[in-house]
Amino acid sequence: MTSPEAKMAAGVVGWPVAHSLSPTLHGAWIAALKLDATYSAFALPPDDAGAMLRSLPASGLRGVNVTVPHKELALSIADIVSPTAERIGAANLLTVDASGRIVADNTDARGFLDGLVRAGGDATGTAVLLGAGGAARAVIAALADAGCREIRLVNRTADKAKALARLAEELGLKASVHEPAGASAACAGARLLVNATSLGMKGAGPLEIPDLSRLAPGAAVYDLVYVPRETQLLKAARGRGLKAIEGLDMLIGQARPSFRAFFGADPPDAVDARSLLENARPANTPAPWPAR
Ligand code: ATR
């Protein structure tokens, strides 16, 4: 299906990479637009990943998306780093510019906002963020860009939440740190609740759902978990008549600017990306890394 010899080639790098949804999504967009392009999965073993990513300009690829566990490495090997990637401290997109330099960007924050805006959510007031890992960092960068004023950080490990609170303050937000037991109180009057923990995901433990009645009327609840698509948190939000935003929206939202960066075209609306990904069970066969 994919060949780096095609006119435009890009892909996703990770370890493992077999279960990435990106080839399914980009492949469907390429097919719908009838582009002479390929989007492959490349498995980069951690010991070799740095050298392999540094060889990107010689690979013939236009760029790659970067997934776990290489997002920080991708930032460190780049010649040019976007302000967003710098803030987040990780890159999920590497491209090669006309001078053969590697440019690192992060589209997770834009992907998050894309989902929020599409659902009519409001990020300008107070937001509650559950979790303090890599995904939570991208959410903070996004909320700062969207004009959020106050963020309440809830996390099991207080030190990680404090580090994120410092980031939020550097970006001009008022920030406070709360224990998981204080999650319901932290929701008081907030217009947005985001789950950026892995809790609620298939195979992980359940998320203890805060008292959603404490949120402001019409608030939005955004769950970054996308397996299952309808999490217990989103079910509870819908049950209260709140806006429920699915993790798939962020996944699709981060892929859109990547597709534009690789192939110079907007992803076609004709592809129902949500239904496609909801039913996808990818088992990508990793392609050989095309360094020349
Ligand atoms: P990601 O890149 O997806 O953000 P991560 O950096 O590993 O992944 O972050 C996972 C988040 O889920 C963290 O906030 C983590 O809490 P800690 O900072 O305390 O580790 C949270 N998380 C994962 N498992 C959890 C659990 N069993 N109970 C509470 N929080 C959990």
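Residues numbered from 1 in each chain as written. Predicted model: local features only at pLDDT ≥ 70, side-chain atom pairs only at ≥ 80, totals over all residues. Heavy atoms only, no water.

Caption draft 1: Focus on the packing of aromatic side chains. Taken as a whole and assessed by the stated rule, the structure comprises six aromatic pairs. Ring geometry for Tyr-39 versus Phe-262: centroids 6.2 Å apart, planes at 55°, classification tilted. Of this pair, Tyr-39 sits in strand β2 (residues 37–43) while Phe-262 sits in helix α10 (residues 247–263), and the two are 223 residues apart along the sequence. We note that Tyr-39, like Phe-262, is buried. With a centroid separation of 5.0 Å and 65° between ring planes, the pair formed by Phe-259 and Phe-263 is classed as edge-to-face. Taken together, the residues span about one helical turn, with Phe-259 and Phe-263 both in helix α10 at a distance of four residues. (Phe/Tyr/Trp six-rings, centres within 6.5 Å; stacked < 30°, edge-to-face > 60°. Helix = DSSP H or I, 4+ residues; strand = E, 2+ residues; numbered from the N terminus. Buried < 20%, exposed > 50% of the residue type's maximum accessible area, 1.4 Å probe, protein only.)

Caption draft 2: Representation of the side chain of Glu-150 in the model. The residue Glu-150 is located in strand β8 (residues 150–154) in this model. Within the local environment of Glu-150, its side chain forms a polar contact with the side chain of Thr-126, the two groups lying 3.5 Å apart. (Polar contact = N/O pair within 3.5 Å; in protein donor to acceptor, adjacent residues only side chain to side chain.)

Caption draft 3: Highlighting the sheet that holds β2. An order of β2-β1-β3-β5-β6-β4 is seen for the six strands of this open sheet, with the pairing classed as mixed. Single-partner strands in this sheet number two, and they are β2 and β4 (80–81). In terms of strand pairing, strand β5 (residues 93–96) meets strand β6 (residues 102–105) through four bridges, oriented antiparallel. Bridging across to β6, Leu-93 finds its partner in Asp-105. Of the strands in this sheet, β1 (8–14), β2, β3 (63–66) and β5 touch α10, which is tilted by about 10° from β5. (Pairing = 2+ DSSP bridges. Contact = heavy atoms within 4.5 Å. Axes fitted to C-alpha atoms, helices over the stretch in contact; angles between N-to-C directions.)

Caption draft 4: Summary view of the site of the ligand. In the vicinity of the ligand, the contacting residues are Gly-131, Ala-132, Gly-133, Gly-134, Ala-135, Asn-155, Arg-156, Thr-157, Lys-160, Thr-197, Ser-198 and Leu-199. At 2.9 Å from an oxygen atom of the ligand is found a main-chain nitrogen or oxygen belonging to Ala-135. At a separation of 2.9 Å, an oxygen atom of the ligand approaches a polar side-chain atom of Lys-160. Compared with its free state, where it exposes 650 Å², the ligand has 63% of that area covered by protein. The residue makeup of the shell around the ligand, split by class, is three nonpolar, seven polar and two charged. (Near = heavy atom within 4 Å. Areas by Shrake-Rupley, 256 points an atom, 1.4 Å probe, with all protein chains shown as cover. Nonpolar A, V, L, I, M, F, W, Y, C, P; charged D, E, K, R; others polar.)

Caption draft 5: Representation of the sheet that holds strand β9 (residues 174–178) within the structure. On the basis of which strands lie adjacent, the open sheet formed by six strands has the order β9-β8-β7-β10-β11-β12 and parallel pairing. Because the sheet does not close on itself, it has two edges, and the strands there are β9 and β12 (243–245). Direction aside, the axes of adjacent strands within the sheet are offset by 15° on average. In this sheet, β12 lies alongside strand β11 (residues 220–223) in parallel orientation, the contact comprising three bridges. What sits directly across from Tyr-222, in β12, is Ile-245.

Caption draft 6: Structural context of the pairing of strand β7 (residues 126–130). Across the five residues that make up β7, a large majority, five, are buried. Bridge count for β7 against β8 is five bridges, and the pairing is parallel. Paired with Thr-126 across the strands is Glu-150, a residue of β8. What joins β7 to β8 is helix α6 (residues 134–145), and the crossover it makes is right-handed. In this sheet, strand β10 (residues 192–195) lies alongside β7 in parallel orientation, the contact comprising four bridges. (Right-handed = clockwise from strand over helix to strand, strands pointing away.)

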